[in-house]
Each structure stands twice: as structure tokens, then as C-alpha cells.
Amino acid sequence: AQSVNNLPGFRTLFSDRFVWFPYRVKGISPGLQSEVNLYRKHKDFEEAGWDIMSGVNVFPSSEVTLYLADPVVVKEVAGARSRFPKPMGPYKILLAFGPNLVASEGDEWKRQRKLVAPAFSERNNRLVWDETVHIMHDLFDNVWGNRDVVEVSNATELTVPITLMVISVAGFGRRISWNEDAIAPAGHQMTFKNALDLVSHNLFLQLLFPKWMLRWGTPLMRRFAVAQDDLQRYMQEMITARRDADIKEERHDLFSSLLDANEGLAESGEKLSDTGLMGNVFIFMVAGYESSAHTLAYALILLALYPTEQEKFYQSIKKVLADGRTPTYDEFSTLTYSMAVFNETLRLFPPAITIPKQSAEDTSFTTTNAAGEKRTIPVPKGTFVTVHTPGLHNNPKYWEDPDTFKPDRFLRDYPRDAFLPFSGGPRGCIGRGFSETESIAVLTLLIARYRVELAHEPQFAAESFEQRKARLLRSKLSVTLYPTRAPLVFKRR
Ligand code: HEM
């Protein structure tokens, strides 16, 4: 504690990197890798008195962590990749299928990023837009059909299949329609959709148990092991099919671009092995659908909780698309209100609730408290430095009335450095454009046609607005944060 000049914060037995005890218990664990981080928002910083607080623990080894909710310091850390690299420990869980861009550092990261970056092109974004529009029309025409009212028992029940279908086609060139893919194809025990969903929702099992134990464990562990094997087979099949195809048509899905780029590296010796390819393919799948699906689910719940905000959003869509037509990709930049709804959702529910880094050198941070006093904090080499996204996104110094859903704050000049859902600097999210494109298309098309409301649940009739909001937005953390139960109703306009 002295090494950071006794900066206030947590003094616990375990650090928040100790995955076996992810709960908050005073003196035992700060529990910051769980939903507690979301619910506490900026409160721990308020209590500590500064926008940087410390965590000091004794087990598994004596460590110091600095948590950041100060945008100036966050910007410095995110922007300096070699001074503040990522600690690799927390990323082991993402190595399930092989080395990849997210779980790499140093020269290995540079090599991976160079290979992967070109796949996230303008052409890919266009494909994402067109395919998302296709998926939404398929939903309206062939699944919801002429029903005026459609009820879903949880918001994710609608948003997970949408983003899975988008990543499937724009990520892997594999179109799935709403009514197919119900039976596993020959050679597989599960459908692609089910295998992917099971694996990404239960990745923690991979970290906690060795493979042999998973095969003999609880029914969930066994299903997880089967899903993992099946997913691996699907990925290998995709790689082989693309490689063996006689005619390589020009395609702009991420996977085709990645394979083509990799083949082009044969001579330079930088080519990735099939395991290296699979690691990245897996990351596209996990990063590529879960975070977007969950953000869209939160957006729909918030729009249902705040009907006045939903009406403003609807009126803005009507203004841009006066004749009720479907917008094209070229109109994307005019849909500013849809982007504001998406951003405000990410401010309140950032899928990545911590962004971990580690100091590679002895340095210091300077921060200012509410009274305008300055404090310089020494940062010894090896200190864990964690961007605390909910603390930053709810910091009352930068966000007025931070608890309230107000999309139009993003239509004005907003504090950009206090908004970091996609991380930032060189290690910022490479899929940001992908995710923005699909999400804006989904929100715009859906709200243009349907009003979203909370399902009527008589057993909760006596609740206050705040109680209802807390219940519907109750969350859990898998790889990213998700709402546990929010039944919604879609009524045709
Ligand atoms: C709402 C949607 C999304 C959010 C909030 C999000 C957030 C993030 C964050 C916070 C990071 C930094 C992680 C860290 O430092 O530990 C990241 C990195 C990354 N994201 Fe996303 N992401 C989203 C969608 C996507 C999509 C759609 C893809 C791909 C299809 C994707 C692919 C990646 C990759 C490959 C990285 C690693 C980049 C690197 O380390 O160089 N993400 N994302």
C-alpha cells in the first residue's frame, strides 16, 4: 500500500483476478470482475475521494492494482501500448481455440493485428449493413408475419439470434435464416448456432476445469465439452472448404479476407497455422456477436423503460426516412439519433466492465479530486492498471445526471475521453465499425416498424419505476455483461 502512497481503496485477501472468488466481501475480495462493478458505477471512487483508487491484496501473490475513472489518465494509459501492455493472465480464457489478436502482446500482437486489420474494411461494413437489413426483413416478413403484437420472454431471445446470424454471414460467409439450422448436420452433434452459444456463454468452465474433468462433470460441463469439440470441427471445415475451393470468388466476409491475407503471407514466413487461424476465428465469433447482442438487448429494454425517449427516437427516424423506406448503407451517417441511442446504451452498460493493463515501468499518475486538489500517485513497474469503465461512464464530473437514459446527450458535444466502451488507442476494438453498423441497422429498422414496451406482469404491478428498472436491468457477466430477464412486447406501429 505504501508503494502507491496509501491511496484509498480495497484492502483484501484476494485480488479481483482470483476467478474462484468473484464476489464482494469486505476484507476478502473487491469482486470487481462481477456485476458489482456495474452496480457500484462511480460510488467506490466517491468513497475513496479520488478518480483513481487502489486495490492491495495478499493472495495469490501480493499485488497492487490502480483502478481508473479519470479520463485524462485513462487516455494516457490506453494510448501508450508499450508503457501499459495488457497482462496476459485474464486473457487465458480466450485461448480456448488457439492464439489470437485479443490475447496477444508485443511483436506477436503486431503480427496478428497486421494480418487481421484489413478484413475490417469498408466493404465488410457494407456487407454487414446489407445482411443485417436482410435478416430484419426475414424476421418481419417470415417470422413475425402479420402478427400485430409479438412477445419475447427475454430481450436477448431476440437479439442473440440476430447478431449470431450477422456474424455468421458477414463474419463467415454462412447465411442462416430464422427458420432453418434446427437440426445438426452430419458429423456434428449440435447446430453451429447452439455450439457457439453454449461455448461463449460458459467459457469460464474452460478456465476452471481441465478438459478431462469437463467430459466427466455435471450435465452442463459435458454439454460444454461436446459444444467445444463440435465448434472446433465447424471451424476446421470452414478453413478446409475455403482453402480447397476451386474458384476463389471475391468475398468480403471477415473469415475469407483473413484466409486470403494469410495465404499471401506464405513466402514471408509470417503465415498463421490452422490453430492460429482458428484462434482468431473464434475471437471474431465470441467478440463479434455477444457484445453486440447484449448491447442491443439493453437498448431495447431502456427504450421500453423510457417511452418518451423512444418517441423522440421514432420521430427522428421518420424525419430522415419520411417515405418509410429502408435506409441504405450510404445513409448510415445521417442516422445520428440511432447512434446516440447505441452510445447511451454503451455508456450505461459497457459490455467490458474492466480493461486491464499493467505498468511496464516506474511512473506516476496525477489526478484531481472534486475540491480541485491534485494528487500524484507513484506507479511502480508491475502495478496492475485497470480502466474501470462503469466508474468512468458515470463520473458526475463529466456526465450530468449519469443514472438517466438520455440519448440526446450524444447529439451534443460530449466528453469523448470519458466514454471508452471500445477501449482506445492502438488496442482499441477492431470490430467497432462492424458492431456500430449492425446495431444501427437493427435499431432503426425495428423502431421504425414496432413500438417496444415492457411485458405486462401483474405480479410486479406495485413496483416503483426505480424498482422496475433495477429488476429489468439486473445483469450477469459471462464474457460480457448481459441482462438476465427482461420480457418485452413489440407492437406494430
Ligand atoms: C458492442 C460491441 C463491442 C464492444 C463494446 C467491444 C469492446 C471491445 C473492447 C473493450 C476491446 C478491448 C479489450 C481489451 O483490451 O481487453 C475490444 C477489442 C477487440 N474487439 Fe471488440 N467490441 C465489440 C464488438 C466487436 C466485434 C463485432 C468484433 C469482431 C467482429 C470485435 C473484435 C475485437 C477484437 C479482435 C479485439 C482485439 C483488438 C486488439 O487487441 O488489437 N469486437 N473490443
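About the thresholds
- Here the residue numbers are simple positions, counted from 1 along each chain's written sequence.
- Totals for whole chains, interfaces and linings use all residues, but because this is a predicted model, local features are given only for residues with pLDDT of at least 70 and pairs of side-chain atoms are given and counted only at 80 or more.
- Numbering goes from the N terminus for both helices and strands, where a helix is a DSSP run of H or I of at least four residues and a strand is a run of E of at least two.
- Near, for a residue, is defined by distance from a backbone-placed C-beta atom to a molecule or strand, with 6 Å as the limit that must not be exceeded.
- In this classification, Asp, Glu, Lys and Arg are treated as charged, Ala, Val, Leu, Ile, Met, Phe, Trp, Tyr, Cys and Pro as nonpolar, and every other residue, Gly included, as polar.
- When DSSP finds at least two bridges between two strands, those strands are taken to pair.
- To get an axis, a line is fitted to the C-alpha atoms, and for a helix only the part in contact is used. The angle between two axes follows their N-to-C directions and goes from 0 to 180 degrees.
- UniProt positions are given in the numbering used here, feature names are shortened, and annotations may be inferred rather than shown by experiment.
- Residues with at least 20 other C-beta atoms within 10 Å of their own are called buried, those with 12 or fewer are called exposed, and the rest are partly exposed. The C-beta atoms themselves are positioned from the backbone.
- Any residue pair is listed as a contact if its two C-beta atoms, each placed from the backbone, are within 7 Å.
- Taking the helix axis as origin, the arc is that swept by the directions to the C-beta atoms.
- The quantity called pLDDT is the predictor's confidence in a given residue, expressed from 0 to 100.
- Take the far helix as the reference: if the near one is turned anticlockwise from it by less than a right angle, the crossing is left-handed, and if turned clockwise, right-handed.
- When buried Ala, Val, Leu, Ile, Met, Phe, Trp, Tyr and Cys residues are joined through C-beta atoms within 7 Å, the set is termed a nonpolar core.

*Asks:* So what's going on with the overall build of the protein? Residues and values would help.
*Replies:* The secondary structure content of the protein amounts to 17 helices and twelve strands. Dimensions of the protein along its principal axes, counting C-alpha atoms only, are 65 × 60 × 45 Å.

*Asks:* Quick one: what's the story with the site of the ligand, residue by residue and with numbers?
*Replies:* Taken together, 24 residues sit near the ligand, with A287, G288, S423, C429 and G431 positioned nearest. At the level of elements, α12 (274–305) and α16 (432–449) are the ones that each hand at least two residues to the shell around the ligand. With seven residues, the top contributor of residues to the shell around the ligand is α12. Of the residues in the shell around the ligand, the class split is 13 nonpolar, eight polar and three charged.

*Asks:* Which residues make up the sheet that holds strand β5 (residues 354–358), and what values do they have?
*Replies:* Strands sit in the order β1-β2-β3-β8-β5 across an open sheet of five strands; the sheet is mixed. Each having just a single partner strand, β1 (9–14) and β5 make up the two edges of the open sheet. On average, each strand axis in the sheet is tilted by 25° relative to the strand beside it, whichever way the strands run. Summarising the sheet, strand β3 (residues 63–68) and strand β8 (residues 384–388) pair through four bridges and their orientation is parallel. Across the sheet, residue Y67 finds its bridge partner in β8, namely T386.

*Asks:* Describe the UniProt feature "binding site: heme" (unreviewed entry) in the protein, with residues and values.
*Replies:* The sites that carry the UniProt feature "binding site: heme" (unreviewed entry) are, in the present numbering, C429. Its place among the elements puts C429 in the loop between α15 (389–393) and α16. Judged by C-beta crowding, with 17 C-beta atoms within 10 Å, C429 ranks as partly exposed. Discounting residues that sit within four places of it in the chain, C429 has contacts with F422 and S423.

*Asks:* Quick rundown of helix α4 (residues 106–116)? Include the residues and the values.
*Replies:* Given 3.6 residues per helical turn, the α-helix brings residues three or four places apart onto the same face. Along α4, the positions that sit buried rather than exposed are Q112, L115 and V116. Looking straight down α4, one finds that the buried residues subtend no more than 90° of arc, so they occupy a single side. Projecting away from the buried face of α4 at angles above 90 degrees are the exposed residues G106, D107 and K114. Taken together, the buried residues of α4 touch α11 (254–263) and α12.

*Asks:* Could you give an account of the confidence of the model for the protein, naming the residues involved and the relevant values?
*Replies:* Per-residue pLDDT for the protein averages 90, and the proportion of residues at 70 or more is 98%. Scored as a whole, the predicted complex attains pTM 0.92, and scored at its interfaces, ipTM 0.99.

*Asks:* Run through the pairing of strand β6 (residues 363–368), naming residues and quoting values.
*Replies:* Summarising the sheet, β6 and strand β7 (residues 374–379) pair through six bridges and their orientation is antiparallel. Paired with T367 across the two strands is R375, which belongs to β7. Once β6 ends, the chain turns through five residues before running back antiparallel as β7, passing G372 with a positive phi of about 85°.

*Asks:* Outline the packing of helix α10 (residues 219–244) against α11, supporting the account with residue identities and numerical values.
*Replies:* For the pair α10 and α11, the least separation of the axes is 11 Å and the interaxial angle reads 60°. Both α10 and α11 take part in a crossing whose hand is right-handed. Between α10 and α11, the residues in contact are M238, I239, R242 and R243 and F255, S256 and L259, respectively. Looking at side-chain class alone, the contact of α10 with α11 contains four nonpolar, one polar and two charged residues.

*Asks:* Can you explain unusual backbone geometry? Please cite residues and give values.
*Replies:* Although it is not a glycine, N5 adopts a positive phi angle of roughly 55°. Turning to its location among the elements, N5 is positioned in the segment before β1. Since 12 C-beta atoms lie within 10 Å of it, N5 is described here as exposed. For S423, which is not a glycine, the phi torsion comes out positive at approximately 60°. As for its position among the elements, S423 is in the loop between α15 and α16.

*Asks:* Break down the nonpolar core for me, citing the residues and quoting the values.
*Replies:* In this structure, A195, F282, A299, L300 and I301 are the most contacted members of the largest nonpolar core, which totals 96 residues. Considering each element in turn, this core owes the most residues, 20 residues, to α12. When near neighbours in sequence (up to four residues on either side) are disregarded, F282 contacts A96, F97, N100 and M235. The next biggest cluster of nonpolar side chains, apart from the first, holds 29 residues, and it includes V64, I355, V379 and F419.

*Asks:* Describe the sheet that holds strand β4 (residues 149–152), with residues and values.
*Replies:* With antiparallel pairing, the three strands of this open sheet are ordered in space as β4-β12-β9. Each end of this open sheet is capped by a strand with a single partner; those strands are β4 and β9 (450–454). Each neighbouring strand pair of the sheet contributes to a mean axis angle of 20°, computed without reference to strand direction. Pairing of β9 with strand β12 (residues 488–492) involves five bridges; the strand directions are antiparallel. Each residue of the ladder has a partner; that of V452, found in β12, is F490. Running over the sheet, α12 touches β9 and β12 and is turned about 80° from β9.

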